[in-house]
Every structure is written in structure tokens, then in C-alpha cells.
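# A look at the structure
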Amino acid sequence: MKESATLTLAKADILEVPMLIDGRWRNAVRYSDIVDPYRKKIVGRAPESTLADLDDAITAAVAAKSVIAGMPGYGRAALLRRVGVLLTERADTMPKS
């Protein structure tokens, strides 16, 4: 089953972020409001995962463990740094599908 999701802006430009599970974006069934404690305003909406979402995420993490474990520590660190750079560079454009 191909999963896809979209980054949406709810009322008043409130960011609603989908979940990334096993390399695919997935919309949640429900979202929770993220409230700024000082201004008492909703600033975003976070996905609430189901047990099926959690099972899928755990299965994907376990499957990736042997690949990642086979990398030397400096390789894992370089990979994480590169992911951080790419996420920062592309934050305004993710995710589209």
C-alpha cells in the first residue's frame, strides 16, 4: 500500500505535520494542538499515532538496525550531520507527497 501525506496549513496558517514512517509520509487520523504557553495561541498541530503507526515505525527501525549497525561510528555521525543539513535546507519545501 503506497502511503502519501501532505503538509497542510490549518486555520490561520497553523502547521499540520504528517508522520514519516519507513521513508513514507503518512497523515495521522487525529492531530493534537500545540499551544504557545505564553500567548495561549495554537501554533501547530502534531500527529497522534495509532498502534498500527507505532508497529510500522518499530518494524522499520528494527529492519534498518543491521544496515546502520554495519556502518562505522564516524559514518553514522556523517550521515546524521548530512540529514540535518538537508532538512534545514529543504524545510520550506517538505513534504509534498
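Analysis parameters
Residues numbered from 1 in each chain as written. Predicted model: local features only at pLDDT ≥ 70, side-chain atom pairs only at ≥ 80, totals over all residues. Heavy atoms only, no water. Helix = DSSP H or I, 4+ residues; strand = E, 2+ residues; numbered from the N terminus. Expected span 1.5 Å × (residues − 1). Bend = angle between axes of the 7 residues up to and from the residue. Pairing = 2+ DSSP bridges. 1 Å grid on protein atoms, 1.4 Å probe; cavity = no way out; pocket = protein on both sides within 12 Å on 5 of 7 lines; lining within 4 Å. Points joined across faces, edges and corners; volume = space filled by probe spheres on them. Nonpolar A, V, L, I, M, F, W, Y, C, P; charged D, E, K, R; others polar. Salt bridge = Lys/Arg side-chain N within 4 Å of Asp/Glu carboxyl O. Buried < 20%, exposed > 50% of the residue type's maximum accessible area, 1.4 Å probe, protein only.

A few words now on helix α1 (residues 51-69). Between its first and last C-alpha, α1 extends 26 Å over 19 residues, near the 27 Å set by a 1.5 Å rise per residue. At A63, α1 shows its strongest bend, of approximately 30°.

Right, let's talk about the pairing of strand β6 (residues 41-48) for a bit. For strand β2 (residues 14-16) and β6, the ladder comprises two bridges, and the chain directions are parallel. Residue pairing across strands places E16 opposite R45, the latter belonging to β6. In this sheet, β6 lies alongside strand β5 (residues 30-36) in antiparallel orientation, the contact comprising seven bridges. Paired with I34 across the two strands is G44, which belongs to β6. Counting the residues in the hairpin turn of β5 and β6 gives four residues, including K40, whose phi is positive at 60°.

Within this model, the largest pocket holds a volume of roughly 290 Å³. L20, G23, A64, L80 and V83 are, among the eleven residues lining the largest pocket, the residues nearest its centre. For the lining of the largest pocket, the secondary-structure elements that each account for two or more residues are α1 and α2 (73-90). Looking at the lining of the largest pocket element by element, the count peaks at four residues for α1. Classifying every residue of the lining of the largest pocket gives ten nonpolar, one polar and no charged.

On to the pattern of salt bridges, then. The tally for this structure, following the rule as stated, stands at seven salt bridges. For E16, the salt bridge identified is with R45, shortest N-O distance 2.7 Å. A residue pair is termed long-range when its members are at least 10 positions apart, and E16 in strand β2 and R45 in strand β6 qualify at 29 residues. Its relative accessible area of 22% is what places R45 among the partly exposed residues. A salt bridge links R24 to D22; the shortest N-O distance between them is 3.7 Å. A relative accessible area of 33% means that R24 is categorised as partly exposed. Put simply, E16, D33 and R45 are held in one network by salt bridges that share partners.

Purely geometric stuff here, so don't read any function into it on its own.
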